[in-house]
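Architecture at a glance
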Amino acid sequence: MSIDFYKLRVAEVKRETPDAVSVRFELPASLRDTFAFKAGQHLTFRRAFGGEEVRRNYSVCVAPSEGMLKIGVKKIAGGVFSGWVNDELKAGDELDVMAPHGSFCWDFTAGARRAYVAFAGGSGITPILSLMKAALATEPNSRFILFYGNRNSAGVMFLEEIAGLKDRYLDRLSVYHFLEDEEEEIELFNGRLDRAKIDELLIQLVKPAHVDAFFICGPGPMMDAAEDALLARGVDKGRILIERFTTGPLSAAQAAAARALEEKAAGLKMSVTLNGRRMNVTFDPAKHSILDNVRAAGLPAPFACKGGVCATCRAKVTAGEVSMKVNYGLSAQELADGYVLTCQATPVTEGVALTYDV
Ligand code: FES
């Protein structure tokens with residue numbers, strides 16, 4: 001993954017709801033290849049606020065076949081970046097952006113005849129909209145069911161666009177909205193997408209065994225409920241794709257275990273490769289993670305969330321052993337291939353070697 005930031009000019013900021021916008025970027029021919037993306041991927045942004053660098057990830061909300069680059073940004077209470085994008089960003093402004101990355105993706109193939117189901121909550125619709133449009137456009141024989149939860153109808157992102165897709169793909173796309181604060185006539189569609197509701201949907205509307213892939217993105221409790229409900233029905237983990245943007249804090253026990261591991265790693269030497277440059281770094285527990293130690297040593301290792309979800313800080317361990325506090329960003333295959341999230345990693349042995357050049 002390229003660790004470079006590129007300047008992209010904003011072509012349009014469109015208000016989607018009272019607290020969410022979509023942002024479309026101009027893509028000069030010289031950057032088309034760099035910013036080619038897969039449906040479901042995200043972009044990392046960087047901007048200084050009050051002298052402090054802030055990085056954020058936002059998912060692409062279009063399919064690659066649409067020939068544009070567009071993200072959705074919902075304003076989060078107290079969110080410095082999302083608030084600025086919603087209130088101040090305008091066409092013509094420039095932003096520092098990394099090339100698209102992320103593994104919330106699926107290989108859509110033209111001849112396939114598949115069934116997909118998505119559970120989206122709030123702004124979690126953003127990558128799912130991208131996947132949904134890619135599935136419907138690429139696979140003319142496939143079907144897609146979207147379950148989309150929101151607090152109220154005013155807060156539903158991309159409402160009109162989704163309605164347009166429903167008209168266009170009448171017999172292949174089904175959309176069910178769930179509004180917490182508004183009563184529907186049909187009881188099944190009232191309330192939030194919690195475990196009980198998802199269990200009901202999996203009995204009444206979906207046969208999990210006939211679904212090729214489930215896409216899940218939204219608030220943590222909704223994602224956990226959907227994943228648990230699917231696992232309880234014997235759905236294979238490989239068919240459940242989850243995209244997390246944030247995580248809760250570590251429990252007291254997890255934090256204590258992480259701290260003990262960091263203390264134990266004090267003074268361990270690591271060899272780190274980035275952009276073809278190799279450097280020896282000595283682990284300092286005061287800096288907590290391999291990522292922060294590497295950056296303090298002068299190598300500009302990439303990162304965004306620092307919470308173990310976005311995988312921007314991914315590197316491959318080629319020698320020695322490291323341990324991660326949490327991992328929401330790497331698949332079982334990536335783990336088996338030796339990848340780690342360096343923002344969550346601590347060396348366990350002397351002589352760890354890792355590379356970001358993969
Ligand atoms: S920076 Fe996001 S997982 Fe490490």
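Bear in mind the structure is a predicted one, so any value in this text is a computation, not a measurement.

Rules used throughout
All residue numbers refer to positions counted from 1 along the written sequence of the respective chain. Restriction of local features to residues with pLDDT of at least 70 applies here, the model being predicted, together with a cutoff of 80 or more for giving and counting side-chain atom pairs; totals for whole chains, interfaces and linings are based on all residues. Values reported for side chains reflect all heavy atoms of the structure, with hydrogen atoms and water molecules removed beforehand. Residue exposure (1.4 Å probe, protein chains only): buried if accessible area is under 20% of the type maximum, exposed if over 50%, otherwise partly exposed. Counting from the N terminus, the helices are the DSSP runs of H or I reaching at least four residues and the strands are the DSSP runs of E reaching at least two. We call two residues in contact whenever any of their non-hydrogen atoms come within 4.5 Å of each other. Put simply, the grid is 1 Å and covers the protein atoms alone, a cavity is a trapped set of points that fit a 1.4 Å probe, a pocket is an open set with protein on both sides within 12 Å along at least five of seven lines, and lining residues have an atom within 4 Å of a point. Grid points are joined across faces, edges and corners, and a volume is the space filled by probe spheres set on the points. Residues are grouped as follows: Ala, Val, Leu, Ile, Met, Phe, Trp, Tyr, Cys and Pro are nonpolar; Asp, Glu, Lys and Arg are charged; all remaining types, including Gly, are polar. What qualifies as a polar contact is a pair of N or O atoms within 3.5 Å, subject to a donor-acceptor requirement within protein and to the restriction that residues adjacent in sequence count only when both atoms come from side chains. We treat two strands as partners when DSSP finds at least two bridges between them. Marked domain ranges trace back to an automatic or database domain assignment. Once two parts are brought into contact, the accessible area they lose, counted with a 1.4 Å probe and summed over both, makes up the buried area. Every case where a carboxyl oxygen of Asp or Glu lies within 4 Å of a side-chain nitrogen of Lys or Arg is listed as a salt bridge.

Structural notes on helix H1 (residues 80-87)
Along an α-helix, residues three or four apart share an orientation, since each turn contains 3.6 residues. Where burial is concerned, most of H1 is hidden: six out of the eight residues are buried. Every buried residue belonging to H1 is among Phe81, Ser82, Gly83, Trp84, Val85 and Asn86, and all of these are buried. Elements in contact with the buried residues of H1: strand E1 (5-17), strand E2 (20-25), strand E3 (42-49), strand E4 (52-59), strand E5 (69-74) and strand E6 (94-98).

Concerning empty space enclosed by the protein
Under the criterion given, the structure shown has one cavity of 30 Å³ or more. In this structure, the largest cavity encloses a volume near 30 Å³. What lines the largest cavity is simply Val23, Phe25, Phe45, Tyr58, Ile71, Val73, Phe81, Val85, Leu89 and Leu95. Going through the elements one at a time, E2, E5 and H1 are the ones with two or more residues in the lining of the largest cavity. Grouping the constituent residues of the lining of the largest cavity by class yields ten nonpolar, no polar and no charged.

Focus: the side chain of serine 22
Considering the arrangement of structural elements, one finds serine 22 in strand E2. We classify serine 22 as buried; its relative accessible area is 2%. Of note is the side chain of serine 22, whose polar atom sits 2.8 Å from the side chain of glutamate 16. Once residues within four sequence positions are removed from consideration, serine 22 is found in contact with Glu12, Val13, Lys14, Glu16, Lys70, Ile71, Gly72 and Phe158.

Considering the pairing of E6
Extensive coverage of E6 is indicated by the burial of four of its five residues. As judged from the five bridges shared by E1 and E6, these two strands associate in the antiparallel manner. Looking at the pairing, lysine 7 lines up with aspartate 96 of E6. The sheet contact formed by E3 and E6 spans two bridges and is antiparallel. In the strand pairing of E6, arginine 46 is matched with aspartate 96.

Overview of the domain arrangement of the chain
Domain annotation for the chain reports domain 1 (5-98), domain 2 (115-243) and domain 3 (252-355). Residue-level contacts link six residues of domain 1 with seven residues of domain 3. Note on domain 1 versus domain 3: buried area summed over both sides is about 460 Å², and carbon and sulfur give 51% of it. Per-residue buried area on domain 1 facing domain 3 is highest for Arg55, Asn57 and Met98; these three make up 72% of the total on that side. Taken together, the connections running from domain 1 to domain 3 amount to zero salt bridges. Summed over the shared surface of domain 1 and domain 3, the result is one residue pair in polar contact (both at pLDDT 80 or more). Broken down by secondary-structure element, the contributors of at least two residues to the side of domain 1 that touches domain 3 are E3 and E4. For the side of domain 1 that touches domain 3, the element with the most residues is E4, which contributes three residues. Looking at side-chain class alone, the side of domain 1 that touches domain 3 contains one nonpolar, three polar and two charged residues.

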